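# A look at the structure
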Amino acid sequence: METPRYTVRTFSLEIIAILLGLVFLVPFYFVIVNSFKTFADLLTDPTSLPTSLMWDNFVRAWKILKFPTVLTNSLIITVVANLAIAFLSAMAAYRMVRHPNKLNNFLFLIFVAAMVIPFQSIMIPLVRVAKTAGLFDSIFGLVVCYIGFGAPLSIFMFHGFIKSIPMEIEESAVVDGTSTYGTFFRIVLPLLKPIGVTVILLNSLWIWNDFLLPFLILQDPTLKTIPLATNTFFGQYTKQWDLALAALVLGIIPIVIFFLAMQRHIIEGITAGSVKG
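Heads up: these notes are all about the structure in this document.

Procedures and definitions
Residues numbered from 1 in each chain as written. Predicted model: local features only at pLDDT ≥ 70, side-chain atom pairs only at ≥ 80, totals over all residues. Heavy atoms only, no water. Axes fitted to C-alpha atoms, helices over the stretch in contact; angles between N-to-C directions. Helix = DSSP H or I, 4+ residues; strand = E, 2+ residues; numbered from the N terminus. Left-handed = near helix turned anticlockwise from the far one by under 90°. Contact = heavy atoms within 4.5 Å. Nonpolar A, V, L, I, M, F, W, Y, C, P; charged D, E, K, R; others polar. 1 Å grid on protein atoms, 1.4 Å probe; cavity = no way out; pocket = protein on both sides within 12 Å on 5 of 7 lines; lining within 4 Å. Points joined across faces, edges and corners; volume = space filled by probe spheres on them. Buried < 20%, exposed > 50% of the residue type's maximum accessible area, 1.4 Å probe, protein only.

With that out of the way, let us pick up the packing of helix 1 (residues 8–34) against helix 13 (residues 241–262). The description of two helices packed together rests on the angle between their axes and the distance between the axes. Their axes nearest at 8 Å, the elements helix 1 and helix 13 cross at an angle of 115°. In this structure, helix 1 meets helix 13 at a crossing whose hand is left-handed. From helix 1, Phe-28, Val-31, Ile-32 and Asn-34 reach across to helix 13, where they touch Leu-245, Leu-248, Val-249 and Ile-252. Among the residues making up the contact of helix 1 with helix 13, the classes are represented as seven nonpolar, one polar and no charged.

If you want it as structure tokens, here you go:
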């Protein structure tokens, strides 16, 4: 077997890929490096490495944010909303694919159309509806909002993936006497793992880092998420960049670890979801 030739074009593409990777890593460099500096050093030269590591920034940010509390809030919201979105979207997509009547086709078009609606255009009506429905200023209400906004894209992805699952597998289960729910939970749901992981990863990055929706729904200080709590370092007249950057590092560590551990499933899930049976 011949070894592929290492051409100038291949070398150029690799150099471009490396440069693009470095460009995307630049913001992480500024955040991490400047989180270890004093406020004066940060303003004087934000590009240089710190002369000494200011671990006190992290200690103070931890205490001011009440980090265990806001971390718990963010974890509860992200985990519960993710599981609800993935589970409900998988069931909805399965029903739409396996029963393609006019109603289901219309509902699928509605979900797809909802993907292009800007959030800013509906956030004021959303607050009014949340107050009327008793969803305002509660973690449960915020989770319900996330389910509503996360369902369209998730259903779209599950819809494409389920089309690639052969009907013969489900027909065999039905012949063996398995009910519709049994077929879904025992046969189809385990096969949805690749796209399910992809949906959870994408929604986790969105929900964990989201600021605007929690800012609109949550008013109780004890319910703050990490992005909301970090915003307290930016007042009208003062900007505590040294503490804010330390808080950002504390906030991104959990989601970065989760993403690095699971990111290999993204390409697998998206590729599989693009195949139509």
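Attention shifts here to the layout of surface pockets. In this structure, the largest pocket encloses a volume near 440 Å³. Lining the largest pocket are 17 residues; nearest its centre among them are Ala-114, Phe-149, Gly-150, Pro-152 and Trp-206. Contributing elements (two or more residues each) for the lining of the largest pocket: helix 7 (139–162), helix 10 (193–209) and helix 11 (212–217). Of the residues contributing to the lining of the largest pocket, the split by class is 13 nonpolar, three polar and one charged.

Here the focus is unusual backbone geometry. A positive phi angle, near 55°, is found at Lys-66, a position not held by glycine. Topologically, Lys-66 is positioned in the loop between helix 3 (56–65) and helix 4 (67–98). Exposure remark for Lys-66: the relative accessible area of 59% places this residue in the exposed category. Its identity as a non-glycine residue notwithstanding, Asp-137 has a phi of 60°, on the positive side. Looking at the secondary structure, you find Asp-137 in the loop between helix 6 (123–132) and helix 7.

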